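Architecture at a glance
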Amino acid sequence: MFKNYLKIALRNFGRHKFFTFVNVVGLSIGISSALVIYLIVHFDFSFNQNFENSGRIYRVVSNYTFSGEESYNRGVSGAVPEAVRNNVSGVELTAPFFEISQPNVLIPGKDGVPVKFKLQDNVILADGRYFSMFKYNWLAGSVKTALSAPNQTVLTADQAKKYFPKLSFNEMIGRVITYDTLNAAITGIVEPLKGNNDFAFHDFISYSTASNNKALADELRLKDWGGTTSSSILFVRLAPNTTVANFEKQLNLILKKNNPPKPENKGSTRSFTLQPLSDLHFNNLYYTFASGRVADKSTLYGLLAIAVFLLLLGCINFVNLTTAQATQRAKEIGVRKTMGSSRVQLIIQFLCETFFITLIAVIISVVLAPVILKLFKDFIPDGIKLDLVHQPNLIVFLLLLTVAVSLLSGFYPAALLSGYKPVLVLKNQASSNSSKTRSAWLRKSLTVTQFVIAQFFIMATVLVSKQIHYALTKDMGFKKDAILIINSPWKNRTVSRNQVFMNKLKAIPQVDLISLGKDAPSSNGTNSTEATYKDGKKELKLELYERFGDPNYINVYKIKLLAGRNLQAGDSTSGFLINNAYAKIIGFKNPDEAVGKYIDKFNGDKKMQIVGVVNDFHLESLHSAVKPTCILISNSYYNHGTFHIALKPQTAGGNDWKKAIASMENAWKEIYPEDDFEYRFFDENIARFYDTEQHTSTLLSWATGLSIFISCLGLLGLAIYNTNQRTKEIGVRKVLGATVTQIVTMLSTELVMLIAFAFILVTPLAWYAMNKWMESFADRTSISWWIFVLSGGGMLLTALVTSSFQTIKAALANPTKSLRSE
């Protein structure tokens with residue numbers, strides 16, 4: 001039976017090659033998009049799902065409120081892990097660890113010359129509790145003894161082979177590795193964790209090493225309840241009957257006891273909460289770990305919506321073209337029914353035909369998916385691939401998708417075609433007028449749906465592009481171009497080295513100005529402190545953001561000085577600049593009024609004078625509003641490790657900056673021979689603020705192009721069908737004197753009305769969606785009326801051009817050919 005269905009299907013496909021082509025292409029695009037998006041979404045949603053008892057594992061995180069502003073930290077105070085272990089009930093297991101900031105690793109080499117691996121990430125202090133909570137497969141050593149004493153280390157197999165490529169795992173046991181100046185003996189080798197997860201750590205140094213290492217002990221601060229560092233991580237596994245609320249209540253009572261709130265910190269709060277392990281990969285308030293990646297759930301859901309829309313467009317094409325061709329198969333259906341076929345048998349036959357087309361589209365999609373993944377590799381996470389052999393879930397997805405698309409596309413046409421009455425069909429009356437009207441209205445409704453989706457994508461793409469252009473070109477309060485940023489190496493940074501390097505930079509002819517400080521005006525780095533201003537009547541306390549620089553800082557970045565004077569060398573302990581936003585907050589309408597006033601408590605009890613007021617500038621992307629900010633000189637070498645270099649304009653040849661960078665690299669190698677030379681342009685840093693939006697724009701552009709392409713394919717198919725159905729009518733009208741323009745207008749009127757109706761429907765929906773998306777920007781462009789007009793006009797023009805290929809051809813046809821049978 002199915003062999004017979006296949007023969008009939010192939011015969012029908014050959015008879016209607018163009019319509020089969022349109023259906024296959026439309027479904028292939030939709031299924032390819034769905035397949036690639038499934039790979040992306042499944043990849044991210046599968047993170048951290050393979051751990052035993054994962055539903056009871058949580059990370060303890062810190063929340064702060066300061067002057068009404070909330071902040072978040074994935075770490076905890078140093079004393080918290082031991083307090084939880086000893087004093088909080090309902091905890092089955094604790095697993096504290098500490099992230100070490102990119103140590104240089106030294107491995108014993110030949111002739112006593114060590115092999116150096118620079119700046120290794122994913123190195124942590126941990127103990128056996130970590131390996132008890134997150135199960136690893138041990139290749140050498142054991143979880144009970146591997147990290148039981150100070151100065152021990154465990155490596156993953158990949159990292160072990162990187163350090164000792166010629167040794168077996170057992171031979172590695174006992175070998176000594178040096179992390180900066182810390183020596184540790186290898187006591188275990190483990191396999192990397194299987195499955196997708198955020199735990200990419202590969203060097204595990206025993207937690208107890210801090211007990212005999214002052215530098216580590218100072219970082220961990222195991223008795224401290226006041227400070228919080230994002231490097232100090234604590235995971236807990238709750239007992240089966242313990243609630244999150246009960247744990248948080250106990251821990252916060254312990255915090256209050258050991259670090260009671262001070263009267264002067266009224267309005268400020270601090271608390272610990274539990275973050276589920278399943279939330280780790282998606283929460284950008286806490287992030288994963290120092291080198292981890294956070295996925296955005298809203299982006300993933302947006303991708304799913306795009307996949308559904310593109311699939312829907314392909315299915316709409318199929319339904320429209322199949323129902324439009326229904327009368328051409330009417331006699332076949334009448335004969336089959338006369339010969340005894342039941343309606344159920346006919347429905348199965350037509351569904352099988354749909355299944356065959358869908359199956360062809362799925363095969364094409366499987367072939368195209370790797371190409372698409374490669375095309376979008378710049379913003380698709382590493383590790384996503386199409387592997388049917390090792391991904392059984394993918395086979396299940398493709399089978400379900402094939403069945404779902406076959407039913408969605410084929411059920412209504414099958415029900416419509418199988419419902420024809422053989423008596424009417426064999427009299428050339430395929431269906432009643434009411435049936436024809438229902439089919440026509442369905443096709444119009446589906447066509448309107450296509451245009452709604454396509455126009456929505458166009459409007460969204462135009463607005464996102466407009467906002468990105470606005471963000472990249474807006475004056476953020478400082479100069480962005482022709483500024484180079486170089487960070488001196490943290491581990492080898494000294495005041496004298498920095499000064500020597502700066503003197504060498506000043507000698508380079510292409511360098512205009514240099515400032516030595518910390519973060520650029522707008523960056524991902526955040527420093528803030530508590531500042532209190534008294535105006536004689538009341539005391540105003542709030543969080544004041546800091547930027548560290550020298551007197552050249554505002555000159556390099558062209559930050560406008562509104563009142564007072566610039567910083568001077570002697571201001572490091574007594575004076576600073578503030579921005580106009582802070583001046584207004586503390587009550588000064590005119591910047592001149594703030595100059596000379598004092599901030600009574602700054603960073604503790606320090607008293608600082610306002611020596612000048614600068615124009616407002618953005619500390620972060622336009623997602624955040626301008627914040628109260630100060631610019632000051634710091635005596636700490638920690639805050640003076642970044643060189644901000646303003647370059648002179650390039651000459652006609654355009655090689656000046658390349659020569660300058662080459663000279664800088666030569667100077668770097670003289671001063672910091674053991675460290676790699678790295679630099680970045682400030683305007684590129686600003687552009688990276690909007691990577692997510694750039695990716696969104698790219699995806700929307702592709703979705704828009706594909707939706708228009710699918711819609712136009714279906715439109716062309718309907719145009720061909722309609723003109724073929726009205727061939728005699730067109731011939732009669734031409735004989736009676738109708739011009740080509742009149743006939744084209746007649747054939748296009750309905751299309752224009754459908755697009756206009758779709759425009760009316762989509763405009764409020766698009767405006768609402770775009771307005772919601774724009775709310776994430778504190779400073780945003782306007783949603784201009786021309787976005788909607790441009791989108792609607794563009795869709796109308798594209799549709800008319802597409803259909804005109806057939807309508808003009810039909811209008812130019814010789815009427816004697818169409819009327820010959822009359």
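Note that this is a predicted model, so its numbers are computed, not measured.

1. Describing the overall build of the chain
For the chain, the helix and strand inventory stands at 25 helices and 24 strands. Here the C-alpha coordinates of the chain stretch approximately 105 × 70 × 60 Å along the principal axes. Within the span of the chain, comprising 822 residues, buried residues form 50% of the whole. Contacts in the chain between residues far apart in sequence, at least 24 positions, make up 79% of those at least 6 positions apart. Put simply, the chain has 86 plus and 61 minus side-chain charges, and the middle of one group is 11 Å from the middle of the other.

2. Thoughts on a positive patch on the surface
Side chains of Lys3, Lys7, Arg11 and Arg15 sit close together on the surface and give a patch of like positive charge. Counting through the fold element by element, Arg15 comes out in helix H1 (residues 2-15). Relative accessible area serves as the criterion here: at 52%, Arg15 is assigned to the exposed category.

3. A look at the pattern of salt bridges
Applying the stated rule across the entire model yields 14 salt bridges. The closest approach of N and O atoms between Arg221 and Asp224, which form a salt bridge, is 4.0 Å. Look at Arg221 and you get partly exposed, because its relative accessible area is 38%. Put simply, Lys627 and Glu620 hold a salt bridge, and the shortest N to O gap is 3.2 Å.

4. Here we look at the sheet that holds strand S24 (residues 680-681)
As summarised here, the arrangement of the four strands in space is S15-S23-S14-S24, forming an open sheet in which the pairing is antiparallel. Each edge of the sheet is formed by a strand with only one pairing partner; in this case those strands are strand S15 (511-517) and S24. In this structure, S15 lies alongside strand S23 (residues 642-647), joined through six bridges in antiparallel fashion. Across the sheet, Val511 pairs through a bridge with Leu647, a residue of S23. Of the strands in this sheet, strand S14 (483-487), S15 and S23 are in contact with helix H15 (residues 495-506), which crosses S15 at around 165°. The strands touched by helix H19 (residues 656-671) are S14, S15, S23 and S24; relative to S14, the strand with the most contacts, the crossing angle is about 15°.

5. Section: the state of the cysteines
Inspection of the entire model under this criterion finds zero disulfides. Summary of cysteine pairing: Cys712 is not part of a disulfide, and the nearest cysteine sulfur, belonging to Cys315, is at 18 Å.

6. Some words on the nonpolar core
One finds Leu27, Ile31, Ile40, Leu300, Ile384, Phe397 and Leu401 to be the most contacted residues of the largest nonpolar core, which totals 58 residues. One finds Ile485, Ile554, Val614 and Ile631 within the second-largest nonpolar core, a separate group that totals 27 residues.

7. Concerning the packing of helix H22 (residues 727-735) against helix H23 (residues 740-774)
At a minimum axis separation of 10 Å, H22 and H23 run at an interaxial angle of 145°. Considering how the two elements wind past one another, H22 and H23 form a crossing that is right-handed. On H23, the residues touching Glu729, Ile730, Arg733 and Lys734 of H22 are Ile743, Met746 and Leu747. Taken together, the residues of the contact of H22 with H23 break down into four nonpolar, no polar and three charged.

8. Looking at helix H24 (residues 785-812)
If you check H24, its first and last C-alpha atoms are 39 Å apart, about what 28 residues at 1.5 Å a residue would give, namely 40 Å. At Ser804, H24 shows its maximal bend, which comes to roughly 45°.

9. Quick look at the packing of H23 against H24
Viewed as axis vectors pointing N to C, H23 and H24 meet at an angle of 155°, and their least axial separation amounts to 9 Å. The angle between the axes of H23 and H24 places the two elements in the roughly antiparallel class. When the axes of H23 and H24 are compared, the crossing they make is right-handed. For the contact of H23 with H24, the class distribution of residues is 19 nonpolar, five polar and no charged.

10. Section: the pairing of strand S20 (residues 598-602)
By the bridge criterion, two bridges tie strand S16 (residues 528-534) to S20 in an arrangement that is antiparallel. Of the residues in S20, the one forming a bridge with Thr532 is Lys601. By the bridge criterion, three bridges tie S20 to strand S21 (residues 606-614) in an arrangement that is antiparallel. Bridge assignment links Ile599 to a residue of S21, and that residue is Met608.

11. Considering a nonpolar patch on the surface
A cluster of nonpolar side chains, Phe355, Leu359, Ile363 and Val367, forms an exposed patch at the surface whose accessible area comes to about 350 Å². Mapped onto the secondary structure, Leu359 falls in helix H11 (residues 343-375).

12. A closer look at the side chain of Thr629
In this structure, Thr629 sits in strand S22 (residues 629-632). Of the residues examined, Thr629 reaches a relative accessible area of 2% and is grouped as buried. For Thr629, the side chain forms a polar contact with the main-chain oxygen of Lys627, separated by 2.7 Å.

13. Re unusual backbone geometry
In this structure, Tyr287 is a non-glycine residue whose phi angle is positive, near 60°. You will see that Lys558, though not glycine, has its phi angle at about 55°, which is positive. As for its position among the elements, Lys558 is in the loop between helix H16 (553-556) and strand S18 (561-564).

Analysis parameters
- Residues numbered from 1 in each chain as written.
- Predicted model: local features only at pLDDT ≥ 70, side-chain atom pairs only at ≥ 80, totals over all residues.
- Heavy atoms only, no water.
- Helix = DSSP H or I, 4+ residues; strand = E, 2+ residues; numbered from the N terminus.
- Buried < 20%, exposed > 50% of the residue type's maximum accessible area, 1.4 Å probe, protein only.
- Contact = heavy atoms within 4.5 Å.
- Lys, Arg positive; Asp, Glu negative; His and termini not counted.
- Charge placed at Lys NZ, Arg CZ, Asp CG, Glu CD.
- Patch = residues over 30% accessible without salt bridge, like charges linked within 9 Å, V, L, I, M, F, W, Y side chains within 5 Å.
- Areas by Shrake-Rupley, 256 points an atom, 1.4 Å probe, with all protein chains shown as cover.
- Salt bridge = Lys/Arg side-chain N within 4 Å of Asp/Glu carboxyl O.
- Pairing = 2+ DSSP bridges.
- Axes fitted to C-alpha atoms, helices over the stretch in contact; angles between N-to-C directions.
- Disulfide = S-S within 2.5 Å.
- Core = buried A, V, L, I, M, F, W, Y, C linked by side-chain atoms within 4.5 Å.
- Left-handed = near helix turned anticlockwise from the far one by under 90°.
- Nonpolar A, V, L, I, M, F, W, Y, C, P; charged D, E, K, R; others polar.
- Expected span 1.5 Å × (residues − 1).
- Bend = angle between axes of the 7 residues up to and from the residue.
- Parallel < 35°, antiparallel > 145°, perpendicular 65-115°, else oblique.
- Polar contact = N/O pair within 3.5 Å; in protein donor to acceptor, adjacent residues only side chain to side chain.

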